[in-house]
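The primary structure of each chain is shown beneath.
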Amino acid sequence: MSVLHLRGHIELADGVFCSEAWLVDEVLTVSRPERRPDRVLDGWVVPGLVDVHCHIGLVATGASTEQVAVEQAITNRDSGVLLIRDAGSPLDTRWLQQRRDLPHLIRSGTHIARPKRYLRNFGVDLEDVNQLPDEVRKQARRGDGWVKLVADWIDRSDGAAADLKPLWPNEVLAEAVAVAHEEGARVTAHAFATESIDGLLDAGIDCIEHGTGLTAQQISRVVSQDVAVTPTLLQVGQFASIAEQAAAKYPQYAARMRRMFDDRYAQVRRLHAAGVQLLVGTDAGGTIEHGLIAQECAELVRAGVPTAEVLRAATWQTRRYLGVPDIHPGDRPGLVVYAADPRSDIKVLQRPRAVVLGGRITPCTRLAGPSLRAVPCPEPVRTSAPLRSETVRPHLTM
Ligand SMILES: [Zn+2]
């Protein structure tokens, strides 16, 4: 029998917390076990963080190897992310879901795009836009309740006048989203531009990624239609360099990307002020490193979203949004232990004291670069001091 004692602040659901809990043979309990704990962890404990826009099995050139996909998943796990909505991957990663030592993965199948209208080798490229509904059906059946569309991208065929443009006619989009809903899947769309949004909203889209082009009017439609938005500030933070590279050949596009870069924090403030449900997504894979959830959270705080709300979006709230139940006693939970309350300083998220997956403390190996390189992680607190013997009064209200 193994007993891990958690002490401090253990918040299993939003506002539902206790000051002590135990993992007895990996199972969570709030009743003090008879056996002395093998290990005590002090800290501020929350469910594993949620990254809703992460690509496992994707690298800059397209699909990764299976080994790299595992490394990406481990990097996320070690950063405290234990629940991932994969926002599209060219690699079939269903096999990863069998691994109990890796984060829980909710897959969206493969991104759906058009030839030359998205990053090469990332998605399924449809020659004919009318194939979209059938492809959505296929991806909905391959995925875990989500489908990912690319709604707009630069259209280089316009030469020097090239700019972001929608990929799909509105009526095709409407049919495609209806097909996904029929299949029981939700649809999220990559959308940088303003022009793609109304068609997506008319179609009944469920979620918008990036959302840099949303106008005030579109933001109020997003709120009334209950559409969540993932601002992906780390990704939008790259728009200035994208603009710079494109400026000579595609000045119009470059100017727009630069404007959206300059406006990125103000845009998040507008979304937040309007009451849009914001999600935390790093957009890792392809161009952004894995394991940067703390940095994405810090960017949202920098934009002006209150720290407590960012933490909620990175944990309890988005878990529910994805349909994952709250953690209860009796579960083999995924938890992250921090030294302090991340609401006092979001930077606390950068250094998990321990990551518990399936009720067990994970071996903490941080990955750096393309190959595995173990670096020491902050040591969990061990104590051999006698335990306080006062009666435990868990204030769990679940
Ligand atoms: Zn992405």
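Residues numbered from 1 in each chain as written. Predicted model: local features only at pLDDT ≥ 70, side-chain atom pairs only at ≥ 80, totals over all residues.

Asks: Would you mind showing me how to read the overall build of the protein chain here?
Replies: Along the backbone of the protein chain there are 12 helices and 20 strands. Computed over the C-alpha atoms, the radius of gyration of the protein chain is 22 Å, within 12% of the 21 Å expected from 2.2 N^0.38 for a compact globule of 398 residues. Principal-axis analysis of the C-alpha atoms places the extent of the protein chain at approximately 75 × 40 × 40 Å. For the protein chain, with 398 residues in total, the buried portion stands at 50%. A separation of at least 24 residues holds for 67% of the contacts in the protein chain among residues at least 6 apart in sequence. (Helix = DSSP H or I, 4+ residues; strand = E, 2+ residues; numbered from the N terminus. Rg over C-alpha atoms; globule rule 2.2 N^0.38 Å. Buried ≥ 20, exposed ≤ 12 C-beta atoms within 10 Å, placed from the backbone. Contact = placed C-beta atoms within 7 Å.)

Asks: So what exactly am I meant to see when it comes to unusual backbone geometry here?
Replies: Trans peptide bonds make up most of the peptide bonds, and negative phi angles are found at most residues other than glycine. Within the chain, lysine 116 stands out as a residue other than glycine whose phi angle is a positive 60 degrees. At asparagine 121, a residue that is not glycine, the phi angle is positive and equals roughly 70 degrees. As for its position among the elements, asparagine 121 is in the loop between strand E10 (112-113) and strand E11 (124-125).

Asks: Looking at this structure, how should I read the environment of glycine 213?
Replies: Mapped onto the fold, glycine 213 is located in the loop between strand E16 (207-210) and helix H5 (216-224). For glycine 213, a count of 22 C-beta atoms within 10 Å gives the class buried. Sequence-wise, glycine 213 and glutamine 267 are 54 residues apart; in three dimensions their C-alpha atoms are separated by 8.7 Å. Beyond its immediate stretch of four places on either side in the chain, glycine 213 contacts Ala191, Phe192, Ala193, Thr194, Ile197 and Met260.

Asks: Teacher, can you tell me more about the confidence of the model for the protein chain here?
Replies: Do not read the predicted coordinates in detail wherever pLDDT is low. Here the protein chain averages 91 in pLDDT, while 91% of its residues score no lower than 70. Long-range and interchain partners of residues 365-398, a stretch whose pLDDT sits below 50, account for 41 contacts in this model, where long-range means more than four residues apart. (pLDDT = per-residue confidence, 0-100.)

Asks: Please explain helix H10 (residues 293-303) as it appears in this structure.
Replies: An α-helix turns once every 3.6 residues. As a result, residues three or four positions apart point the same way. Among the 11 residues in H10, eight count as buried, and that is most of the element. Buried residues belonging to H10 abut strand E5 (49-54), strand E8 (81-86), helix H6 (233-236), helix H9 (264-274) and helix H11 (307-314). The positive-phi residue at the C-terminal boundary of H10 is glycine 304, with phi of around 120 degrees.

Asks: How do you make sense of the sheet that holds E5 when you look at a structure like this?
Replies: In a beta sheet, neighbouring strands are held together by backbone hydrogen bonds and run either parallel or antiparallel to one another. Read across the open sheet, the three strands follow the order E5-E8-E9; overall the sheet is parallel. Both edges of this open sheet fall to E5 and strand E9 (104-107), since each of them pairs with a single strand only. Each strand axis lies, on average, 20 degrees off the axis of its neighbour in the sheet, ignoring direction. The pairing of E5 with E8 spans four bridges and is parallel. Bridging across to E8, aspartate 51 finds its partner in isoleucine 84. (Pairing = 2+ DSSP bridges. Axes fitted to C-alpha atoms, helices over the stretch in contact; angles between N-to-C directions.)

Asks: Looking at this model, I keep getting lost on the packing of H9 against H10. Mind explaining?
Replies: Two packed helices can be described by the angle between their axes and the distance between those axes. Where H9 meets H10, the axes come as close as 8 Å, and the angle between the chain directions of the two elements is 80 degrees. In terms of orientation, H9 and H10 fall into the roughly perpendicular class. Facing Tyr265, Val268 and Arg269 of H9, the residues of H10 in contact are Leu300, Arg302 and Ala303. Taken together, the residues that form the contact of H9 with H10 break down as four nonpolar, no polar and two charged. (Parallel < 35°, antiparallel > 145°, perpendicular 65-115°, else oblique. Nonpolar A, V, L, I, M, F, W, Y, C, P; charged D, E, K, R; others polar.)

Asks: Could you clarify how one ought to interpret helix H8 (residues 251-262) in this entry?
Replies: For H8, with 12 residues, the first-to-last C-alpha span of 16 Å sits near the 16 Å given by 1.5 Å per residue. Among all positions in H8, only Tyr253, Ala254, Arg256, Met257 and Met260 are buried. Taken around the axis of H8, the buried residues stretch over an arc of 165 degrees, which confines them to a single face. Residues of H8 that are buried in the fold lie against strand E13 (152-154), strand E14 (164-166), H6, helix H7 (239-246) and H9. (Expected span 1.5 Å × (residues − 1). Arc of directions from axis to C-beta.)

Asks: Looking at this structure, I do not really get the sheet that holds strand E19 (residues 354-357). What am I missing?
Replies: Strands sit in the order E3-E2-E1-E4-E18-E19-E20 across an open sheet of seven strands; the sheet is mixed. At either end of the open sheet lies a strand with only one pairing partner, and these are strand E3 (27-29) and strand E20 (360-361). Across two bridges, the pairing between E19 and E20 is antiparallel. Paired with leucine 357 across the strands is arginine 360, a residue of E20.

Asks: Mind showing me how you'd approach the environment of proline 166 here?
Replies: With respect to the helices and strands, the residue proline 166 is situated in strand E14. In this structure the C-alpha to C-alpha distance between proline 166 and alanine 298, which are 132 residues apart in sequence, comes to 31 Å. Filtering out sequence-adjacent residues up to four positions away, proline 166 remains in contact with Ala151, Asp152, Glu195, Ser196 and Gly199.

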